Amino acid sequence: MVSNDEAGLKASQVLEHELMEIGACVAFLEFLPYQTASSYNHKKEMIKNLETSSANVVIVYGDQDYVLTLQIALFMFPIQKSKVWIISTQWDVSAGFHYDFLNFNQFNGSLALTLHQKEIPGLEDTLSGVNPDIYPNDIFIHFIWWELFNCLWTTNHHENRCKDNETIKDLPDHSILTDISANSYNIYIAVYALAYALHNMYHNKTQTSKDTRDIKHWELHRYLKKVYFTNTAGEEVSFDENGDMYSGFDILNWFVSPVNDTLLAIKVGHFNQRDLYKELFINDSIIQWSNFFNQTPHSSCSKRCLPGYRKSPRKGAKSCCYDCIACPEGEISNQTDMDSCTKCPESQWPNTNRDKCIYKVITYLSYEEPLGMLLASMSVLFALFTCLITIIFTKYRTTPIVKANNRDLSYILLFSLKMCFLCNLIFIGHPLHITCILRQTVFGVTFSISVSAILAKTLTVVIAFNATKPGSKLKKWVGATVSNSVVIVSSMIQVVICACWLGIKPPFLYYNMNDEIGKIVAQCDEGSIIGFYCILGYMGFLAFASFTIAFFARKLPDIFNEATFISFSMLVFCSVWISFIPAYLSTKGKYVVAVEIFSILASSTGILGCIFVPKLYIILIRPERNTKFIITRK
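First, a word on scope: everything that follows refers to the structure included in this document. (Residues numbered from 1 in each chain as written. Predicted model: local features only at pLDDT ≥ 70, side-chain atom pairs only at ≥ 80, totals over all residues. Heavy atoms only, no water.)

Our next topic: the sheet that holds strand 19 (residues 519–525). One open sheet accounts for 3 strands, arranged 17-19-18; its pairing is mixed. Here the strands that pair on one side only, and so sit at the sheet edges, are strand 17 (361–363) and strand 18 (508–512). If you compare each strand with its neighbour and ignore which way they point, the axes differ by 30° on average. Inspection of the sheet shows strand 17 paired to strand 19 by 3 bridges, in the parallel sense. Within strand 19, the residue paired with valine 361 across the bridge is lysine 519. (Pairing = 2+ DSSP bridges. Helix = DSSP H or I, 4+ residues; strand = E, 2+ residues; numbered from the N terminus. Axes fitted to C-alpha atoms, helices over the stretch in contact; angles between N-to-C directions.)

Here we take up the sheet that holds strand 4 (residues 84–87). Judged by pairing direction, the sheet is mixed, and its 6 strands sit side by side in the order 3-4-5-8-9-10 without closing on themselves. Here the strands that pair on one side only, and so sit at the sheet edges, are strand 3 (57–60) and strand 10 (277–282). With direction set aside, neighbouring strand axes in the sheet form an average angle of 20°. Bridge count for strand 9 (residues 263–274) against strand 10 is 6 bridges, and the pairing is antiparallel. Along strand 10, the bridge assignment pairs arginine 274 with tyrosine 277.

Of all hydrophobic cores here, the largest spans 61 residues; its most connected members are Phe443, Trp577 and Phe612. Counting only elements with at least two residues in this core, the list comes to helix 8 (370–395), helix 9 (400–403), helix 10 (407–422), helix 12 (433–467), helix 13 (480–504), helix 14 (529–552), helix 15 (562–586) and helix 16 (591–621). Considering each element in turn, this core owes the most residues, 13 residues, to helix 16. Excluding anything up to four places from it in sequence, phenylalanine 612 contacts Ile389, Phe393, Ser410, Leu413, Leu414, Leu417 and Ile607. By size, the runner-up hydrophobic cluster in this structure holds 25 residues, among which are Ile168, Tyr188, Phe229 and Ala233. (Core = buried A, V, L, I, M, F, W, Y, C linked by side-chain atoms within 4.5 Å. Buried < 20%, exposed > 50% of the residue type's maximum accessible area, 1.4 Å probe, protein only. Contact = heavy atoms within 4.5 Å.)

Turning our attention to the state of the cysteines. One way to say it: the disulfide is the covalent bond shared by the sulfur atoms of two cysteines. In this structure the tally under the stated criterion is 5 disulfides. Considering cysteine sulfurs only, cysteine 498 is the nearest to cysteine 500, which forms no disulfide, with 9.3 Å between them. In this structure cysteine 500 comes out as partly exposed when scored by relative accessible area, which is 43%. (Disulfide = S-S within 2.5 Å.)

In this section: the pattern of salt bridges. Once their charged atoms are close, side chains differing in charge can pair, the charge on each being opposite to the other. Counting across every chain of the model gives 6 salt bridges. Between glutamate 369 and lysine 590 there is a salt bridge whose closest N-O contact spans 2.9 Å. One end of the pair, glutamate 369, is in the loop between strand 17 and helix 8; the other, lysine 590, is in the loop between helix 15 and helix 16, with 221 residues separating them in the sequence. Taking the relative accessible area as the measure of exposure, glutamate 369 reaches 16% and is therefore buried. Note on lysine 590: relative accessible area 12%, which makes it buried. (Salt bridge = Lys/Arg side-chain N within 4 Å of Asp/Glu carboxyl O.)

Following this line, the structure appears as structure tokens:
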């Protein structure tokens with residue numbers, strides 16, 4: 001709130017600029033009119049803006065004639081919310097107070113900047129002995145005596161005549177001595193500065209032999225700039241290059257006395273400036289704030305943004321008005337009222353409060369966690385079950401049901417399935433460079449052997465049935481040569497694909513920092529994704545070929561036609577791996593490994609169950625059907 005004149009306009013511009021430089025802002029700007037130029041509605045609107053503002057601190061700049069408008073407006077429309085007023089040096093609220101009905105309650109607990117004041121040595125003693133006879137030519141002293149003693153020093157009227165022995169020290173209120181001393185300090189400095197300037201000028205004029213009576217007042221300026229002296233109060237006085245005196249300010253705290261409602265002031269700090277040196281001192285422990293504040297007031301339209309939050313400007317509001325929003329994922333703020341959040345390094349992640357970065361936990365599918373333990377246990381159990389089937393087949397190797405459809409292929413298939421189950425163990429645990437290479441290659445080769453053996457079994461069924469027809473040319477293909485060749489050639493093609501993959505761009509250990517919040521996933525990068533899908537595609541080709549041949553051979557007249565079971569097993573196999581691809585692409589983190597392990601378990605179990613469980617049923621439950629007569633009667 002500034003005076004509605006040129007000085008007030010300039011002060012408002014300087015204040016707004018300086019406040020913006022330190023990150024503060026002005027909630028409102030009000031120009032105070034001269035005391036006789038303010039209407040009722042204007043006063044009402046001015047106080048309304050003051051009361052509705054969220055600012056608790058109001059700066060007032062203007063002399064008594066302008067600020068009186070504010071005092072009257074506050075009396076007419078008292079505000080319920082207390083404000084902390086910061087008063088400029090121009091206005092002493094306790095001076096020139098001509099309206100008895102006004103009070104100081106609205107300014108209780110405020111601060112005032114006043115020109116630096118200090119006691120002038122000997123001034124109080126000098127004033128104590130002053131009277132009009134000592135200074136007969138002083139044009140003001142008679143008026144002062146009338147104000148102080150209500151008497152005339154020289155008059156013919158006896159009732160108004162002074163006693164001629166009145167002195168200032170005789171006044172009942174001795175504070176007048178202190179007030180005069182304080183208010184006179186800057187005049188005291190000015191008089192001494194002018195005296196030194198005149199002395200310097202007189203000295204120079206004497207050297208140039210010019211009559212000092214011809215001195216013009218403006219000639220003092222260049223001498224005044226060069227003045228430097230220490231006054232009797234012990235303070236240095238000098239001027240800067242612009243002609244401004246190096247001076248300071250005292251910071252006063254105004255508070256209303258609860259005894260007699262008078263306004264008292266205590267010095268709570270000071271500000272000094274000389275050249276580039278600036279010093280601000282405030283003893284806030286002795287400041288008496290208004291009763292509305294139980295601690296140092298905080299003036300802001302927004303709460304402070306604690307660590308973990310950042311400022312978000314409000315649309316259409318001042319720069320100091322903002323909302324506090326939490327830092328986004330991956331970012332923190334470790335100080336109060338931060339404008340933006342900072343991103344954590346890749347190896348770190350914000351804590352729960354998002355006020356500091358902590359190292360991410362390295363995670364992977366381990367044997368210790370329930371999922372890893374379950375998958376590992378299932379892999380071992382199915383591998384043991386495969387070994388048990390192998391033992392049973394070995395024990396009953398001479399029976400027709402075991403010898404049907406090439407016993408050696410059954411052993412190869414059982415061995416490869418057992419390896420398929422056990423290769424899951426390579427996928428569990430912290431990945432290493434060597435395990436990343438072995439995972440997909442062992443999986444690809446062992447599954448290719450399994451599917452190749454199934455393909456060879458399917459071809460054996462078809463060749464054996466057609467070779468029995470009269471004049472068939474397939475008789476020469478009956479035997480182990482064809483089936484073994486199919487297994488070897490089909491498996492070697494997969495080996496070549498794996499070798500090319502490893503030679504061009506093999507899998508490698510990769511720490512994924514993006515998939516899981518606050519965690520680093522240790523996983524194997526496939527390297528060449530084309531190589532990985534080539535392995536899957538080749539296995540799919542073998543499975544589709546086996547399924548197609550077995551499907552057409554499922555109705556061949558045989559008491560135990562294995563083609564039907566091969567068709568079911570390949571149907572399960574293809575369903576699992578077709579479902580694997582979208583699941584693999586949509587899963588993140590360590591669960592990618594779990595999806596692949598589950599697919600290996602499901603497809604291997606499907607083959608084992610569809611092909612070998614029916615044979616186990618006949619061997620162990622229905623041994624009467626495991627005879628050559630039953631097998632060959634058709």
